[in-house]
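Reading the structure
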Amino acid sequence: MSIDTLRKRYEAAGQEHLLAFYSELPSEEQASLSAQLGTLDIERVNRIYHKAVGSESGALSPTSVSDTIEPLPKGASESVGTPAKDDEWRKIGLAAIARGEVGVLLMAGGQGTRLGSSDPKGCYDIGLPSHKSLFQYQAERIARLQSVAEAKAGKPAGSVIIPWYVMTSGPTRHATESFFKSNSYFGLEPKNVIVFEQGTLPCLSNDGLVLLETPSRVAVAPDGNGGLYAATRSPISSADKSYTVLSDLAKRNVLYVHAYCVDNCLVRVADPVFLGYSIQKQADCAAKVVPKAYPTESVGVVAYQNSKFSVVEYSEITKEQAERRDPETGELSFRAANIVNHFYTTAFLNRVESFEEELAFHIARKKIAHFDLKTKEIIKPTKPNGMKLEMFVFDVFPFTEAFAVLEVARKEEFSPLKNAPGTGSDDPTTSRRDLLAQHRRFLESAGAILQEGVEIEISPLVSYAGEGLESVKGKTFTKSGSVENVEELDVLAV
């Protein structure tokens, strides 16, 4: 695109200031800025800004009609814990996996900044005896599940594939790819681990003007975990513009996708129970939830908002609503805590584009360093001076045609890694504690006895969810350690 064409386009959009210093730039920086502005859909940016501001203003207006927020309707959700149902769902899920109909989508764009690390969060070692990273744990769960599905379906080893789509951000993509390569993809076939990148949006001033990071570069920020949907349609590499996550899913004939966040050490990747439940329900989208720990826990809940399924933030629920209980069960009415663990049909993922323009981005007001056009200096503000626009992954829920919710036990499936070491909640120590406690339960459920203080880490390659441990029945374990195969457990027993 010529510079004259760019100027006309950006003038029409009211963003011509981005080219104010173009003529003063060295030729290399001119080319860089032209390329960035040429690929930026500035008209879409303006539309997103106006819709986001309009949505925010409407919500704050004293004359606005309050949203109607109700608990999930009866029958909209079910819980695990009934053996016969769990087994039925597991069989359905494993059969879909064995047919090659399941893919996994990992949201892994964050860095471990709060954890004192600049590496991608998935590279983090929570202090397990094995010192395995979050990425490795999840890769090994996929490998184990492939083997379990093969055995159940009577298929040969290596014949069942669960493709893993790893969404990174600009700052984490290279490091993520390098980490996987240097660790030989943790035993998975490289062609079945597809790394792609989350999109970005320009940072804006409070009146909607795009900010410059330097005279030759627009300031950008990730577009939120809801950017996942647009990212699945974007080219995975510049070498082939037609190769996208959606095209790869279609090529592999994948019908169902499990999506989750990287920071949960207990996540059951491609959980066959959740898959089977969602398939049986004929859901186009589903959410896995855990019960709220207490009424005022600072967590969003899956609820019914304006007669549609939605995630309602804790700040939007009154104290009375938070404490309300179901008269029949005595449980909290608003109990379905959102853990960003979702099921989609690929048909639904393909349909998102048709209603994406109706979604309002959320405004995050931030301190944004930028190049000041008047002083020609880089400004590092001390208070919020602009906005970053984000979409949340659950913003699509109101647009589903058949939505379902599955409640699972928090201690078995949710232990997020959010805070710095030593915080005391949602930190590396609690993640380690919760994972090792689960492995203790696996062994005890299989009939083993563990002496007080004994900690045994079981590789996901040995057991995905407690299965395959029959040989420990009646054994007493007196030593701590980590095991990579069932035979190694004997070394830790009396």
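Look up: the structure comes first, before these words.
Throughout what follows, the structure given in this document is the object of discussion.

The rules behind the values
- Residues numbered from 1 in each chain as written.
- Predicted model: local features only at pLDDT ≥ 70, side-chain atom pairs only at ≥ 80, totals over all residues.
- Heavy atoms only, no water.
- Helix = DSSP H or I, 4+ residues; strand = E, 2+ residues; numbered from the N terminus.
- Rg over C-alpha atoms; globule rule 2.2 N^0.38 Å.
- Buried < 20%, exposed > 50% of the residue type's maximum accessible area, 1.4 Å probe, protein only.
- Contact = heavy atoms within 4.5 Å.
- Areas by Shrake-Rupley, 256 points an atom, 1.4 Å probe, with all protein chains shown as cover.
- Lys, Arg positive; Asp, Glu negative; His and termini not counted.
- Charge placed at Lys NZ, Arg CZ, Asp CG, Glu CD.
- Phe/Tyr/Trp six-rings, centres within 6.5 Å; stacked < 30°, edge-to-face > 60°.
- Lys NZ or Arg CZ within 6 Å of the ring centre and 35° of its normal.
- Expected span 1.5 Å × (residues − 1).
- Arc of directions from axis to C-beta.
- Pairing = 2+ DSSP bridges.

Thoughts on the overall build of the chain
Of regular secondary structure, the chain possesses 14 helices and 24 strands. A compact globule built from 494 residues would reach a C-alpha radius of gyration of about 23 Å, and the chain, at 24 Å, matches this within 12%. When the 494 residues of the chain are sorted by exposure, 50% land in the buried category. A separation threshold of at least 6 residues defines the contact pool for the chain, and within that pool the share at least 24 residues apart is 71%. Accessible area for the chain stands at about 22,600 Å²; split by element, carbon and sulfur atoms hold 50% of it. If the 54 positive side-chain charges of the chain are averaged to one point and the 64 negative ones to another, these points end up 1 Å apart.

Overview of the packing of aromatic side chains
What the rule picks out here adds up to 18 aromatic pairs. Pairing Phe-135 with Phe-179 gives two aromatic rings, centres 6.1 Å apart and planes at 45°, and the pair type is tilted. Taken together, the residues Phe-135 in helix H5 (residues 134-153) and Phe-179 in helix H6 (residues 170-182) connect sequence positions 44 residues apart. The ring of Tyr-137 carries the charged tip of Lys-132 above its face, separated from the ring centre by 5.9 Å. Here Lys-308 stacks its cationic end above the ring of Phe-399, 5.9 Å away from the centre of that ring.

Topic: helix H2 (residues 27-39)
Across its 13 residues, H2 extends 19 Å between first and last C-alpha, which sits within 8% of the 18 Å expected from 1.5 Å per residue. Looking at H2, one finds that the buried residues are Gln-30, Leu-33, Ser-34 and Leu-37. Seen end-on, H2 carries its buried residues on one side only, within an arc spanning 100°. Within H2, the exposed residues directed more than 90 degrees away from the buried face are Glu-28 and Thr-39. Looking at the buried side of H2, the elements it contacts are helix H1 (3-12) and strand S9 (217-218).

Regarding the sheet that holds strand S16 (residues 362-366)
Pairing between sheet strands relies on hydrogen bonds along the backbone, with the strands arranged either parallel or antiparallel. Pairing is antiparallel in the open sheet, where 3 strands are placed in the order S7-S19-S16. In this open sheet, the two edge strands, each paired with only one partner strand, are strand S7 (204-205) and S16. Pairing of S7 with strand S19 (residues 386-390), which is carried by 2 bridges, proceeds in the antiparallel orientation. Residue pairing in the sheet places Ser-205 in a bridge with Gly-386 of S19.

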